[in-house]
Amino acid sequence: MAITALTGTRLRERRLALGLRQADLAGQAGISPSYLNLIEHGRRKVTPEVLARLAAALGLEAKVLAEGAGQALAEDLRTAAAGWPAAAVELDRLEEFVGRFPGWARVTAGLQARSGLLERAVEALNDRMTHDPHLSAALHELLSALTSVRATAEILAETGDLEAGLQARFHRNLHLDSERLAGGAEALVAYLDGTGGAAREQGLATPQEEVEDWLSGQGWHLAALEGGEAAALEEGIAALASSAARDLARAHVARAAEDARRLPLAAFAAALARTGPDPARLAAEFGCDVIAAMRRIALMPGAGTGFVSCDASGTLVFRKPVAGFALPRFGAACPLWPLYAALGRPMQPVRAQVQVPGPMGARFDVLAFCQPRLADGFAGPELREAAMLILPDPAPAAVGVLGIGSTCRICPRPDCAARREPTILREGM
Amino acid sequence: MAGQVLLVEDEENIAEAIRFILSRDGWQVTHLAEGQGAARRAAGLMPDVVILDHMLPGRSGLEILAELRSDPATARLPVLMLTAKGQPRDREAAERAGADHFLAKPFANSDILAAVRALATRARP
């Protein structure tokens, strides 16, 4: 960055354009008005540090002050040209180009900047692909269909003397593979959109998502269980795509049937209306564990309450979403979730008001609790289950509100102390 | 100069296309749709070239490759790996496991023909 005699002139022009007095600008930049006056008249050299402070006060980049807007633009164009060595750009006429066609020069520089931004977005998506086993499997399926289409089409196009039977066979293969390709592409788009339906039909959903979809279709409440008719649900379970999903669904039904038996619907609804959503009180009243009461609160007919639970590794094993509170699809959630505070402090209630990121970031009251489970008695390992109720529309918090996210990769909070990996939501994404 | 090729590929339509391309060039193609037992079959056939898909049901292409390389009888069989993942780390894994050549899907028919010809020629004294 060359600081020349013109720097002072540009400084003065910019200051006057903003209607600032020398004393105002000097004050903001932390120098004396007389020193600024000398700089503006080219009678004192300005150090890069002072120039940076002056530029910041004037809302400019230091290089624009030092070199002028034209020079900065020329520098950006030089960078752009470096990416196109084969184009043999006339670098010796760069100044002339910027001078004669400043608009075109700005467009070119702008396109270069945008292309850099898009390259970073592609990098981020590529990174996402390598971390997302389902996306990777979906792309593998697409590539397989594409390979078959390409090889078969090449045979049909390039083999002049193809026997009729083989020709018909390759045409049929082509037709089937193109259908598979179209279906796969549709599923992939739905998956990336997060709409899910087609992705689930194509088997791109995880078993957990299949079960959550099925429960969501029933409004999260399995009414048949209130009358002890678990068998009535078997037809819906049998229709789930994967055997893993069917096993998960049956385990959920068994647990929900036990909740329904121990916490009868009418009595529990009356108690809930009386005490409010306090799982500890409800657990004491009905003689059940706290997490069972939390689950029952969340899965009551028409309940607008979210619920997540995790095992000791922090992996989410059940997710009932609530509008405005994004739950991660893969990997661990935001480490600031009170769910994880509870996981580290078994049998102690954790209560907090949280706020999700974004300009309209909604607030929620959350209640979290963790219980050890000794499935193999004293001899076996101690298992833990933690759960968190997510209650929308809270009353304003008396104490501080905890800023949380969904998961680091899609959380835009820039300075989060708990961040474990960079976000993909960078500049303009 | 054409000889025998063992093709281990679970995608029926891809296998059919490869079989056609190679057969027209005079190659005798034996096709297996899954990885289980592929190494044993290779040891029995002793083909001029083995074409292995990377992702197979039963046994992965890399596992079969490792089996082939660990048996002195098949250790020097020329192996062409196919994979739907054109990512460098898959290629590196295939190369480390001893693949002689690597083609990322989707490939051109001429590429697979050229690769098979080259591998067979290289293997012959």
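Because the structure is a prediction, the values reported are computed rather than measured.

Just give me the short version of the pattern of salt bridges, but keep the residues and values in it.
This structure, assessed with the given rule, holds 20 salt bridges over all chains. In this structure, the salt-bridge partner of D177(A) is R180(A), at a minimum N-O distance of 3.3 Å. Of this pair, D177(A) and R180(A) both sit in helix α9 (residues 164-193), 3 residues apart, which is roughly one turn of the helix. With a shortest N-O distance of 3.3 Å, E9(B) and K105(B) are connected by a salt bridge. Taken together, the residues E9(B) in the loop between β1 (4-8) and α1 (12-24) and K105(B) in the loop between β5 (101-104) and α5 (109-123) connect sequence positions 96 residues apart. Here E9(B) falls in the buried class, since its relative accessible area comes to 0%. With relative accessibility at 4%, the residue K105(B) sits in the buried group. Among the charged side chains, a network of salt bridges with common partners joins R12(A), R15(A) and E40(A).

If you had to explain the interface of chain A and chain B to someone new, which residues and values would you point to?
On the side of chain B, 19 residues touch chain A, which itself brings 24 residues to the contact. Here chain A meets chain B over a buried area of about 1,900 Å², counting both sides, of which 56% is carbon and sulfur. When the buried area of chain A at its contact with chain B is split by residue, H140(A), T147(A) and R150(A) rank highest and sum to 26% of it. Counting the contacts that link chain A with chain B gives 3 salt bridges. The salt bridge involving R24(B) is made with D161(A); its shortest N-O contact spans 3.4 Å.

So what's going on with the sheet that holds strand β2 (residues 28-32) of chain B? Which residues, and what values?
Residue and element names in this part refer to chain B. Spatially, the 5 strands line up as an open sheet ordered β2-β1-β3-β4-β5, and their pairing is parallel. The open sheet has two edge strands with one neighbour each: β2 and β5. Shown here is a sheet whose adjacent strand axes are inclined to one another by a mean of 20 degrees, direction ignored. With 4 bridges joining them, strand β3 (residues 49-53) and strand β4 (residues 79-83) adopt parallel strand pairing. If you follow I51 over to β4, its bridge partner there is L80. Contacts between α1 and the sheet are confined to β1, β2, β3 and β4, with β2 contributing the most and set at about 170 degrees to the helix. Here helix α3 (residues 61-70) sits on the sheet and contacts β1, β3 and β4; the angle it forms with β4, its principal contact strand, is near 170 degrees.

Quick notes on the rules
Residues numbered from 1 in each chain as written. Chains lettered and ligands numbered in written order. Predicted model: local features only at pLDDT ≥ 70, side-chain atom pairs only at ≥ 80, totals over all residues. Heavy atoms only, no water. Salt bridge = Lys/Arg side-chain N within 4 Å of Asp/Glu carboxyl O. Helix = DSSP H or I, 4+ residues; strand = E, 2+ residues; numbered from the N terminus. Buried < 20%, exposed > 50% of the residue type's maximum accessible area, 1.4 Å probe, protein only. Contact = heavy atoms within 4.5 Å. Buried area = accessible area lost by both parts, 1.4 Å probe. Pairing = 2+ DSSP bridges. Axes fitted to C-alpha atoms, helices over the stretch in contact; angles between N-to-C directions.

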